[in-house]
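A structural walkthrough
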Amino acid sequence: IILAEQRKEVRELLTWESPVSAMRGVGAARQAALASLGIGCVRDLLYHIPRGYQCRGNVKTIAEAAITEMLEEKLDLSAQVVSTKEEEDE
């Protein structure tokens, strides 16, 4: 027997077909981001397999990386555009 006070605490259980918006912490913005990945329900989320993984734990600038690190390891380089030639000409 569930008392009236306890009924307030009982939550609706999620099913395979529950929309991701029914999950705690999924608002409109996150729902839109998941939808762009083709994820609309709990089943889609559980069966989603990411295409790749980027480790961002050991990030250094080129100046911080020792020359031996650059020679001995495979480095993934990324860049941030500070300005373009078109901006400089203006």
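Residues numbered from 1 in each chain as written. Predicted model: local features only at pLDDT ≥ 70, side-chain atom pairs only at ≥ 80, totals over all residues. Heavy atoms only, no water.

What follows concerns the overall build of the protein chain. When you go through the protein chain residue by residue, the secondary structure sums to 5 helices and 0 strands. Helices (α) and strands (β) of the protein chain occur, in sequence order from the N terminus, as α-α-α-α-α. Counting every position in the protein chain, which comprises 90 residues, the buried fraction comes to 9%. Taking the contacts inside the protein chain whose residues are at least 6 apart along the sequence as the reference set, 26% of them involve residues at least 24 apart. Per element, the accessible surface of the protein chain, about 8900 Å² overall, is 54% carbon and sulfur. (Helix = DSSP H or I, 4+ residues; strand = E, 2+ residues; numbered from the N terminus. Buried < 20%, exposed > 50% of the residue type's maximum accessible area, 1.4 Å probe, protein only. Contact = heavy atoms within 4.5 Å. Areas by Shrake-Rupley, 256 points an atom, 1.4 Å probe, with all protein chains shown as cover.)

We now examine the environment of W16. Checked against the element boundaries, W16 lands in the loop between α1 (4–9) and α2 (28–36). Among the residues examined, W16 registers a relative accessible area of 41% and is labelled partly exposed. Sequence-wise, W16 and V42 are 26 residues apart; in three dimensions their C-alpha atoms are separated by 5.2 Å. If sequence neighbours within four positions are ignored, W16 has contacts with C41, V42, R43, L46 and Y47.

Let us look at the pattern of salt bridges. Scanning the entire structure with this criterion turns up 1 salt bridge. When the shortest N-O distance is used, the salt bridge between E17 and R43 registers 2.8 Å. Here E17 is found in the loop between α1 and α2, whereas its partner R43 is found in helix α3 (residues 42–46), with 26 residues between them in sequence. (Salt bridge = Lys/Arg side-chain N within 4 Å of Asp/Glu carboxyl O.)

So, on to the confidence of the model for the protein chain. In the predicted model, the protein chain carries a mean pLDDT of 76, and 63% of its residues have values of at least 70. No element of the protein chain has a lower mean pLDDT than α1, at 54, and none a higher one than α2, at 95. (pLDDT = per-residue confidence, 0-100.)

A ring pair, where both rings are aromatic, is described by two values, the distance of the centres and the angle of the planes. Under the criterion given, the structure shown has 1 aromatic pair. Summarising the aromatic geometry, the rings of W16 and Y47 are spaced 5.9 Å apart at their centres and angled 20 degrees between planes, so their arrangement reads as stacked. With W16 in the loop between α1 and α2 and Y47 in the loop between α3 and α4 (67–72), the pair connects residues that are 31 residues apart, well separated along the chain. By relative accessible area, which is 58% here, Y47 ends up exposed. (Phe/Tyr/Trp six-rings, centres within 6.5 Å; stacked < 30°, edge-to-face > 60°.)

With respect to the secondary-structure elements, S18 resides in the loop between α1 and α2. At 2.7 Å, the side chain of S18 and the backbone nitrogen of T15 are in polar contact. Apart from residues no more than four positions distant in its own chain, S18 is found in contact with L13, G40, C41 and V42. (Polar contact = N/O pair within 3.5 Å; in protein donor to acceptor, adjacent residues only side chain to side chain.)

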